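# Analysis of the macromolecular model
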Amino acid sequence: MQTTTGKIETSNIPFGARRLVKRRKVVNNGAGTFVRGDGDAAKNNEKTNSAEECEHPAFMFGICVHCGQRATTVKNDGGGGGGDEEKKEERGGANAETAVRYLHEGLTVSDKLLREAKNEERMATLNQGKLFLVLDLDHTLLNSCRFDELNDEERESLDRKVEKREEEDELRSKLLGLVGGGDAGGGRRPRFPDLYCLSHFSTYTKLRPYVFEFLEEASKICRMHVYTMGDKNYAHEMASLIDPEGKYFHGRIIGNSDSTCSKTKDLDIVLGGDDCTMIVDDTSRVWPRHARNLIRVDRYHFFRKSATSFREMEKSSVMERGLDEGEAEEEGAPAKHREVLKDVLAVLTVAHRMMAFSDGSGHREKKDHKDVREVFERNGMASEGENGGNVESVDPASSSLLLKGCVILPSGITPSNDERPDRHPLLLVAVGLGATIATAMNDNVTHVLARADNTEKVKWGRKRGLFIVNGNWLRECAMQNAKLDEHNFAT
């Protein structure tokens, strides 16, 4: 009988998942291959008995890691055909299986063991004082465009920018070498303009402004995953751009073929808990079961083709308008387009603070956390005639409800056709800090939150002597954990 031992690398596998993939002994007795744990001296008759009694906790490439029996049931596979209503086919309790190939190639586990691993990872991460964060890629953290979607003029412009970035990259490496700044050839890639030509994908990719800073700060309070509808190779390539040193995701990258749904996304294969997970995505409909976890961001369109494919207004892309997020038309002028990821970071900061991990001064408290979904659902949306200033449902004992008593009327913050305006980052920050969001002009409104100073709601608010503020007021209140003077953030 021939015996070989195979070790599965677990250094990049989350703590709760390591129980799913352990060192196993693969035995070939001439009649087939089976797997058994180290130290087992099972004989052939014992193997048969254990196979009959085995609950098959996990399979590696179709072989049970406990008894060696081949899988015979249809597993809850990722990226398969059929509708999403067939996602969770019941096959008799413990026999139900889910593919978690993003953790390890070929790995399928029973739903029972997956629940145990999710809970174990949840507890370990919460004990570290962190939340879970699931990040979309396209139109959220970056924007990609194929070569064949660009005209010659656009290609030439992009090639010049890429060439300039590469020259700056080379110069930066030389300067780092001269001043002893560490490994001159490694480290983070230059942040401007963060445009890359990926010839092997026939694609240009532009990173969203502030993405590096966002990931660095978010990693301090969140355990992060990537979850994209793109294929796995593309997902890993994009992850290498935003995380070139590989310090944020550690293999937690889920592509379309890894998902248990073909057309939607779900937290069922994300190790963690729904009550402590935030999702950042530009599309709300792909998360039908987890809308309460969502931070819905405005789509990032750097390329013209990207904007037109979503039927955006003319000159909605960065290439057309000439200004990126956070850039102003002239020095000293306010930016015309918000740095969206800064607003998202503010939401995460509020969520983390309100989850009772910290008292705001950095001191970590040891107590049961709140459900992160409830942090942003205190007051709901107060419409006209609904006592839009009633915030009595807010917990008065919390010192973090800085904006308790504020009733905020948004103006031009979300598109008129937005299906979930309540999931916009700025409105989530407002509610998380204790404010109520008004959906119409009424006597209870105290603040008008506006992008521009000439809207009807702004004019209405000025006549009544209300505070007219921009989004920076909410963001800075969240980041500084203080109610700041509204006059310093006038629209």
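Fair warning: this is a prediction, and the values are worked out from it, not measured in the lab.

Here is what the cut-offs are and how they apply
- Residues numbered from 1 in each chain as written.
- Predicted model: local features only at pLDDT ≥ 70, side-chain atom pairs only at ≥ 80, totals over all residues.
- Heavy atoms only, no water.
- Helix = DSSP H or I, 4+ residues; strand = E, 2+ residues; numbered from the N terminus.
- Expected span 1.5 Å × (residues − 1).
- Buried < 20%, exposed > 50% of the residue type's maximum accessible area, 1.4 Å probe, protein only.
- Pairing = 2+ DSSP bridges.
- Contact = heavy atoms within 4.5 Å.
- Axes fitted to C-alpha atoms, helices over the stretch in contact; angles between N-to-C directions.
- Phe/Tyr/Trp six-rings, centres within 6.5 Å; stacked < 30°, edge-to-face > 60°.
- Lys NZ or Arg CZ within 6 Å of the ring centre and 35° of its normal.
- Arc of directions from axis to C-beta.
- Polar contact = N/O pair within 3.5 Å; in protein donor to acceptor, adjacent residues only side chain to side chain.
- Salt bridge = Lys/Arg side-chain N within 4 Å of Asp/Glu carboxyl O.

With that settled, consider helix α8 (residues 340–354). Over its 15 residues, α8 runs 22 Å from end to end, which matches the ideal 21 Å to within 8%, given 1.5 Å per residue. Here α8 lies mainly inside the structure; 14 of its 15 residues are buried.

Our next topic: the sheet that holds strand β12 (residues 222–227). If you trace the five strands from one edge of the open sheet to the other, you get β13-β12-β8-β14-β15, paired in parallel fashion. Edge positions in the sheet fall to β13 (253–254) and β15 (294–296), since each has one partner strand and no second. As paired elements, β12 and β13 share two bridges and run parallel to each other. In the strand pairing of β13, V226 is matched with I253. Contacts from α8 reach β8 (131–135), β12, β14 (277–281) and β15 within the one sheet, and its direction differs from that of β8 by about 155 degrees.

What follows covers the packing of aromatic side chains. Both the distance between ring centres and the angle between the ring planes are used here to describe each pair of aromatic rings. With the rule as written, the count across this model stands at five aromatic pairs. An angle of 55 degrees between the planes, with centres 5.0 Å apart, marks the rings of F147 and Y204 as tilted. In this pair, F147 is assigned in the loop between β9 (142–146) and α3 (152–178) and Y204 in strand β11 (residues 203–207), connecting sequence segments 57 residues apart. Look at F147 and you get buried, because its relative accessible area is 18%. Judged by relative accessible area, Y204 falls into the buried class, the value being 0%. Against the face of F147 rests R155, its NZ or CZ located 4.3 Å from the ring centre. Just above the ring of Y210 sits the side chain of K342; from NZ or CZ to the centre is 5.2 Å.

Take helix α11 (residues 456–463) next. Burial in α11 covers these residues: V458, W460 and G461. Projected onto a plane normal to the axis of α11, the buried residues spread over an arc of 160 degrees and lie on a single side. For α11, the exposed residues set more than 90 degrees away from the buried face come down to E456 and K463. Residues of α11 that are buried make contact with β17 (407–411), β19 (447–450) and β20 (467–469).

This next bit is on the side chain of D266. Its location among the elements puts D266 in the loop between β13 and β14. Relative accessible area serves as the criterion here: at 3%, D266 is assigned to the buried category. At a separation of 3.4 Å, a polar atom in the side chain of D266 contacts the side chain of H290.

Before going further, it helps to examine the pattern of salt bridges. All told, the structure shown has 29 salt bridges when counted by the stated rule. For K206, the salt bridge identified is with D324, shortest N-O distance 3.1 Å. You can see K206 sitting in strand β11 and its partner D324 sitting in the loop between α7 (318–321) and α8, a full 118 residues away along the chain. The burial state of K206 is the same as that of D324; both residues are buried.

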